[in-house]
Amino acid sequence: MKALVTGGAGFIGSHVVDRLLEEGYEVTAVDNLSEGHLENVAHLKGDKRFRFVKLDLKDAKATEKAVAGNDVIFHMAAQANIRKSIVDHRGDLDNNLIPMISLLDGMIKHKVNDMIFASSSAVYGEAPVVPTPEDYLSKQTSLYGASKLAAEAWSNAYSQFSPIRVWSFRFANVVGERCRRGVIWDFVHKLQKNPKELEILGNGKQSKEYLYVKDCVEGMMVGWQKTTGPVEAFNLGQPRQTLVDEVADIVVQEMRLDRVLRKYTGGEHGWIGDNKLVELSLEKMKKIGWVPGVSSHEAISKTARWILSNS
Ligand SMILES: NC(=O)c1ccc[n+]([C@@H]2O[C@H](COP(=O)([O-])OP(=O)(O)OC[C@H]3O[C@@H](n4cnc5c(N)ncnc54)[C@H](O)[C@@H]3O)[C@@H](O)[C@H]2O)c1
């Protein structure tokens, strides 16, 4: 069996590559390396079942062609930085929606039916309904979330006139080894610069879920293998929410610091598009037998430890 992993040199994509190789797949990872790192797949050098191809998914023809010969596509590539969307208004369209369309066209052309898509809890915007179930539709708060929802919508529509099946997984915050952005990365680096003071964006009370990357990958495998499609959306998160202030506590503890003065930029949101509460309903995944194995606390600690030993 052959799999194509887009964004395969990225954080989550590289863990998907590892998992698929463990399962016995031959894997091609494509990435334009805009945010990805070849060192995320360096440990696979010499593995004949793995190849890396530098490819920009904005190139529609090359993207369609990359689909050929595979049995399944794990589409993990994206412009994944919500804050970037505020200054680069077309980035989410060009890197998130258009590549989805090129991949879907490639799937029709080359008769590849299954895609596993990395969507996001950002599709719910700031949902007033919590825990938020998969069938909840809300106002968009970021171009990134809008692009993920649009990509899901496009794939749903394609499944109406083709045999394509798409499983969309709406991740909460995913953390773990090789995670190089987000709140834990930010805190560790600020504290390395100044161990006495920590700037926290917002009021520190934003409440989110932190899902360990291997649990995230396991969730995608379970959802894909245990349901039939043709279009499915699943939340992948943690049953317990963690405040940004608690993330700071864990990072400070891992760095063995004390008496760190916290300075809050203030307000309920850290930035435009930052949702102050993410609480996903996990009932749909629970029904098919998936619950995360690693707690938020442990996932945050593991991430901080990895960042500290790799920076
Ligand atoms: N990490 C999270 O907390 C989180 C949460 C929700 C959803 N997601 C989604 O999961 C997926 C993986 O995220 P991640 O955290 O690993 O981010 P990441 O930035 O590490 O991985 C994304 C990869 O896509 C690549 N990429 C971007 N644009 C590309 C293009 N035009 N052509 C080819 N490659 C391109 C980047 O170089 C990068 O390696 C993304 O789709 C992201 O939107 C992540």
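Rules and cut-offs
- Residues numbered from 1 in each chain as written.
- Predicted model: local features only at pLDDT ≥ 70, side-chain atom pairs only at ≥ 80, totals over all residues.
- Helix = DSSP H or I, 4+ residues; strand = E, 2+ residues; numbered from the N terminus.
- Rg over C-alpha atoms; globule rule 2.2 N^0.38 Å.
- Buried ≥ 20, exposed ≤ 12 C-beta atoms within 10 Å, placed from the backbone.
- Axes fitted to C-alpha atoms, helices over the stretch in contact; angles between N-to-C directions.
- Parallel < 35°, antiparallel > 145°, perpendicular 65-115°, else oblique.
- Left-handed = near helix turned anticlockwise from the far one by under 90°.
- Contact = placed C-beta atoms within 7 Å.
- Nonpolar A, V, L, I, M, F, W, Y, C, P; charged D, E, K, R; others polar.
- Domains from an automatic or database assignment.
- Core = buried A, V, L, I, M, F, W, Y, C linked by C-beta atoms within 7 Å.
- Near = placed C-beta within 6 Å.
- Pairing = 2+ DSSP bridges.

Caption draft 1: Looking closely at the overall build of the protein chain. Scanning the protein chain for helices and strands turns up ten helices and 13 strands. On C-alpha atoms alone, the protein chain measures out to a radius of gyration of 19 Å, which is about the 19 Å that the 2.2 N^0.38 rule sets for 311 residues. Taken along its principal axes, the extent of the C-alpha atoms in the protein chain is 60 × 45 × 40 Å. Looking at the protein chain residue by residue over its 311 residues, the buried ones come to 47%.

Caption draft 2: Examining the packing of helix α6 (residues 183-193) against helix α8 (residues 244-254) more closely. The geometry of α6 relative to α8 is characterised by a closest axis approach of 10 Å and an angle of 50 degrees between their N-to-C directions. On the basis of their axis angle, the class for α6 and α8 is oblique. Taken as a pair, α6 and α8 cross one another with a handedness that is right-handed. Listed contacts from α8 to V183, I184, F187, V188 and L191 of α6 are V244, V247, A248 and V251. Across the contact of α6 with α8, the residue classes break down as nine nonpolar, no polar and no charged.

Caption draft 3: Looking closely at the domain arrangement of the protein chain. Assigned domains within the protein chain: domain 1 (2-172 + 211-236) and domain 2 (175-208 + 240-279 + 293-310). Between the C-alpha centres of domain 1 and domain 2 the distance comes to 26 Å. Taken residue by residue, the interface counts 23 residues in domain 1 and 20 residues in domain 2. Mapped onto the side of domain 1 that touches domain 2, the elements with two or more residues apiece are α1 (11-22), α3 (82-87), β10 (210-212) and α7 (213-226). Ranked by residue count, the leading element in the side of domain 1 that touches domain 2 is α3, at four residues. Taken together, the residues of the side of domain 1 that touches domain 2 sort by class into ten nonpolar, nine polar and four charged.

Caption draft 4: Structural view of the nonpolar core. Counting residues in each nonpolar core, the largest one holds 77 residues, and the members touching the most others are V5 and I184. Two domains each put at least three residues into this core: domain 1 (2-172 + 211-236) and domain 2 (175-208 + 240-279 + 293-310). Filtering out sequence-adjacent residues up to four positions away, V5 remains in contact with G13, V16, V17, L20, V27, A29, F74 and M76.

Caption draft 5: Broad picture of the environment of V41. Inspection of the secondary structure assignment puts V41 in the loop between β2 (26-31) and β3 (50-54). With 25 C-beta atoms packed within 10 Å, V41 lands in the buried category. Spatially, the C-alpha atoms of V41 and N275 are 32 Å apart, while their sequence positions differ by 234 residues. Aside from chain neighbours lying at most four places away, what touches V41 is G8, A9, S14, V17, A29 and F52.

Caption draft 6: Examining the site of the ligand more closely. If you check the shell around the ligand, you find 28 residues, and the closest are G7, G10, F11, G36 and A78. Of all the secondary-structure elements, those providing two or more residues to the shell around the ligand are α1, α4 (91-109), β5 (114-120) and β7 (173-175). The element contributing the most residues to the shell around the ligand is α1, with three residues. Split by residue class, the shell around the ligand holds 14 nonpolar, ten polar and four charged.

Caption draft 7: Looking closely at the sheet that holds strand β1 (residues 2-6). Read from one edge of the open sheet, seven strands run β3-β2-β1-β4-β5-β6-β11, paired in parallel fashion. Strands with a single pairing partner mark the edges of an open sheet, and in this sheet they are β3 and β11 (231-236). In this sheet, adjacent strand axes meet at a mean angle of 20 degrees when their direction is disregarded. Bridge analysis of β1 against strand β4 (residues 72-75) gives four bridges, and the strand direction is parallel. The partner of A3 across the bridge, within β4, is V72. Most of the contacts of α4 go to β4, to which it runs at about 175 degrees, and overall it touches β4 and β5. Packed onto the sheet, helix α5 (residues 143-161) meets β5, β6 (165-171) and β11 and runs at close to 155 degrees relative to β5.

Caption draft 8: Inspection of unusual backbone geometry at higher detail. The omega angle of the peptide bond from V130 to P131 is -10 degrees, so this bond is cis rather than trans. Its location among the elements puts P131 in the loop between β5 and α5. G229 connects to P230 through a cis peptide bond whose omega is 5 degrees. Take P230: it is sitting in the loop between α7 and β11. The residue R178 is not glycine, and still its phi comes out positive at about 80 degrees. On the secondary structure map, R178 appears in the loop between β7 and α6. Exposure remark for R178: the 21 C-beta atoms within 10 Å place this residue in the buried category.

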